[in-house]
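This is what each chain is made of:
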Amino acid sequence: SITLSDVSAAGTYALDNTGGNARLMSAGRNGGDVEHCCWGGGNTGTDVGSVTITSITADRVKGTFTATLQAVPGKPATTPLNVTEGSFDVGFIH
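Since we're looking at a predicted model, the values are computed, not measured. (Residues numbered from 1 in each chain as written. Predicted model: local features only at pLDDT ≥ 70, side-chain atom pairs only at ≥ 80, totals over all residues. Heavy atoms only, no water.)

### With respect to the overall build of the protein
The secondary structure content of the protein amounts to zero helices and six strands. Seen in sequence order, the protein has helices and strands lined up from the N terminus as β-β-β-β-β-β. The 94 residues of the protein split such that 19% are buried. Relative to all contacts within the protein whose residues are 6 or more apart in sequence, the contacts with residues 24 or more apart total 50%. When the accessible area of the protein is evaluated, it comes to approximately 5700 Å², of which 53% is carbon and sulfur surface. (Helix = DSSP H or I, 4+ residues; strand = E, 2+ residues; numbered from the N terminus. Buried < 20%, exposed > 50% of the residue type's maximum accessible area, 1.4 Å probe, protein only. Contact = heavy atoms within 4.5 Å. Areas by Shrake-Rupley, 256 points an atom, 1.4 Å probe, with all protein chains shown as cover.)

In structure tokens form, the structure reads like this:
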């Protein structure tokens, strides 16, 4: 998941897992197999990426993202997860 806070303008924002306005959280589900578990998380600074907001209004945000998340030690995944060409178009609930 990606969390954005205090972002009110179009632009490109660096993603990491150490906090700030653009935070990269994790991917995969607890348990699962090597295809579905588990990448990212922790405050290691090793999960990185970027999110580009192409349009933002009071009702909607659109953009793209890329990221590389490290495998969580002790879980089935053993190699990084590379996310490319991700996109979103999300409405806000008021």
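### Observations regarding the confidence of the model for the protein
The predicted model of the protein averages 80 in pLDDT, with 76% of residues at 70 or higher. Mean pLDDT across the elements of the protein ranges from a minimum in strand β3 (residues 22–24), with 62, to a maximum in strand β4 (residues 48–56), with 93. (pLDDT = per-residue confidence, 0-100.)

### With respect to unusual backbone geometry
Look at D6: it is not a glycine, yet its phi comes out positive at around 55 degrees. Examined against the element boundaries, D6 turns out to sit in the loop between β1 (2–4) and β2 (11–16). Not every positive phi belongs to a glycine, and E85 is a case in point at roughly 55 degrees. Checked against the element boundaries, E85 lands in strand β6 (residues 81–91). For E85, a relative accessible area of 75% translates into the label exposed.

### Describing the pattern of salt bridges
A complete count under the given rule lists one salt bridge for this structure. R60 is the salt-bridge partner of D89, the closest N and O atoms lying 2.5 Å from each other. Of this pair, D89 sits in strand β6 while R60 sits in strand β5 (residues 60–69); the two residues are 29 residues apart in sequence, bridging distant segments of the chain. Its relative accessible area of 43% is what places D89 among the partly exposed residues. Accessibility expressed as a relative area gives 35% for R60, which makes it partly exposed. (Salt bridge = Lys/Arg side-chain N within 4 Å of Asp/Glu carboxyl O.)

### Some details on the nonpolar core
Grouped together as the largest cluster of nonpolar side chains are five residues: V7, L15, V51, I53 and V61. Beyond its immediate stretch of four places on either side in the chain, V61 contacts I53, S55, I56, F88, D89, V90 and F92. (Core = buried A, V, L, I, M, F, W, Y, C linked by side-chain atoms within 4.5 Å.)

### Examining the environment of F88
Within the secondary structure, F88 sits in strand β6. Setting aside its immediate chain neighbours within four residues, F88 contacts V51, T52, I53, V61, K62, G63, T64 and F65.

### Looking at the pairing of β5
In this structure, β4 lies alongside β5, joined through eight bridges in antiparallel fashion. The partner of G49 across the bridge, within β5, is A67. Bridging between β5 and β6 involves nine bridges; their strand directions are antiparallel. Within β6, the residue paired with T64 across the bridge is S87. (Pairing = 2+ DSSP bridges.)

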